[in-house]
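Next come the chains, spelled out residue by residue.
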Amino acid sequence: MTEFWLISAPGEKTCQQTWDKLMTATTRTNNLSTNNKFNIPDLKVGTLDVLVGLSDELAKLDSFVESVVKKVAQYMADVLEDSRDKVQENLLANGVDLVTYVTRFQWDMAKYPIKQSLKNISEIVSKQVSQIDNDLKARASAYNNLKGNLQNLERKNAGSLLTRSLADIVKKEDFVLDSEYLITMLVVVPKTNYTDWQRTYETLSEMVVPRSTNLLFEDHDSGLFSVTLFRKAIDDFRHKARENKFTVRDFQYNEEEMKADKEEMTRLSTDKKKQFGPLVRWLKVNFSEAFIAWIHIKALRVFVESVLRYGLPVNFQAMLLQPNKKNMKKLREVLYDLYKHLDSSAAAIIDQSAMDIPGLNLSQQEYYPYVYYKIDCNLLDFK
């Protein structure tokens, strides 16, 4: 399970008592969850008005930062061409896997100085993550263009003989070149029709040079034959060939063009390789930055919400629960029993969500008598 429940409850005589109570209720007898204390430093509280406004702003910021974290993770998967095992090992926060980072969370004093106001800290995060988002768009766009152009060229060099590029198949000596009267044409013949071709090509139209056909290349279904004829017979030959299920390819042998195509392919391939390493490094670094910022936003939300709900002086214990998947419903019930005294209005909501009244979407709001936020470390959406 990579899902965590970040909750807080008011300190009893001491915060340790709050912690002990939770441990007794959820782990000692029934193994409902694995729990860790979630350390939030002494942040500056500010005024009640500011806290109320900040509560809404942080909710929006939380969604935005989460979306950027997921975008960077997903793009990492795209760039690594979806080799799953490689993706997960590159998605680290501060050099450790995400579960370890979250369960051992320590506030980063250097990045987010706690002498600043809560609003300033949230603005630092917002600026930082917006920058990552903008950089990602620019880098992804450049790399995707390169990748797209390369794929188009690769597609041209693969596929059936009817459509693929012939540049890497034919050679100069396959053609009669620089002749005023003669031209060499390329014809795609289904394998089942080889005998027909050999029997009829000289008589498909007038002015075909006898014994001038050669098989240059084969794929699963067909072969590419050359044939030499007089230029004035081109249209007639093309028409008769089509009637006999032979396809004449439009192809002029042009050494310069073919060389340019090959060079373009090499250039794009080299550029892609050159960009790959730095791009993956950038994604690793900025995934880590965005994820760390996201967990700090969760910490800010718990702090603000706990002060708003439980009042001053600041006295609450933040706790991180990793639910045991089979017991999630039971864990909710235990937490509810443990904390229902904190907020009687939550009881009505819990009851209604239990009944799932049609048209009443209260269960969507996830309101509980204790402060609660979900953190899901499973950020990849593999198709």
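In case you missed it, the structure is sitting above this.
Everything numeric here is computed off the predicted structure, so don't read it as measured data.

Looking at the side chain of Asp343
Structurally, Asp343 is set in the loop between α9 (328–339) and α10 (344–355). At 2.5 Å, the side chain of Asp343 forms a polar contact with the side chain of Tyr367. Setting aside anything within four residues of it in sequence, one finds Asp343 in contact with Tyr367 and Pro369.

A few points about the packing of aromatic side chains
Under the definition given, this model contains 17 aromatic pairs. For the pair Tyr194 and Phe225, a centre-to-centre distance of 5.2 Å together with 85° between the ring planes defines the contact as edge-to-face. Here the residue Tyr194 occupies a position in helix α6 (residues 194–200), and Phe225 occupies one in strand β7 (residues 222–230), the gap between them amounting to 31 residues. Judged by its relative accessible area of 18%, Tyr194 is buried. The interplanar angle of 85° and the centroid separation of 5.2 Å between the aromatic rings of Tyr368 and Tyr372 together place this pair among those described as edge-to-face. These aromatic residues form a ring-pair network of at least three members: Phe38, Tyr101, Phe105, Phe287, Phe291 and Trp294. Directly above the aromatic system of Trp5 lies the positively charged group of Arg332, at a separation of 3.8 Å from the ring centroid.

Focus on the packing of helix α5 (residues 118–156) against helix α8 (residues 255–310)
Relative orientation of the contacting elements α5 and α8 amounts to 155°, with a least axis distance of 8 Å. Relative to α8, the element α5 is oriented roughly antiparallel. In this structure, α5 crosses over α8, and the sense of that crossing is left-handed. Residues that form the contact of α5 with α8 fall into these classes: 22 nonpolar, 6 polar and 10 charged.

Concerning the nonpolar core
Counting residues in hydrophobic clusters, the biggest one holds 83 residues, and the most contacted among them are Ile7 and Phe291. Among the elements that line this core, the one with the most residues is α8, at 19 residues. Apart from the residues within four sequence positions on either side, Phe291 is in contact with Val69, Ala93, Leu98, Tyr101, Val102, Cys377 and Leu379. Val227, Leu229, Phe237 and Phe246 belong to the second-largest nonpolar core, a separate cluster that totals 18 residues.

Concerning helix α7 (residues 234–243)
Regarding α7, the residues found buried are Ile234, Phe237 and Ala241. On an axial view of α7, the arc spanned by its buried residues comes to 65°, and they lie on one face. Among the exposed residues of α7, those oriented more than 90 degrees off its buried face are Asp235, Arg242 and Glu243. Residues of α7 that are buried in the fold lie against β5 (182–190), α6, β7 and β8 (247–249). Lys245 lies just past α7 and shows a positive phi near 65°.

Rules used in this analysis
- Residues numbered from 1 in each chain as written.
- Predicted model: local features only at pLDDT ≥ 70, side-chain atom pairs only at ≥ 80, totals over all residues.
- Heavy atoms only, no water.
- Helix = DSSP H or I, 4+ residues; strand = E, 2+ residues; numbered from the N terminus.
- Polar contact = N/O pair within 3.5 Å; in protein donor to acceptor, adjacent residues only side chain to side chain.
- Contact = heavy atoms within 4.5 Å.
- Phe/Tyr/Trp six-rings, centres within 6.5 Å; stacked < 30°, edge-to-face > 60°.
- Buried < 20%, exposed > 50% of the residue type's maximum accessible area, 1.4 Å probe, protein only.
- Lys NZ or Arg CZ within 6 Å of the ring centre and 35° of its normal.
- Axes fitted to C-alpha atoms, helices over the stretch in contact; angles between N-to-C directions.
- Parallel < 35°, antiparallel > 145°, perpendicular 65-115°, else oblique.
- Left-handed = near helix turned anticlockwise from the far one by under 90°.
- Nonpolar A, V, L, I, M, F, W, Y, C, P; charged D, E, K, R; others polar.
- Core = buried A, V, L, I, M, F, W, Y, C linked by side-chain atoms within 4.5 Å.
- Arc of directions from axis to C-beta.

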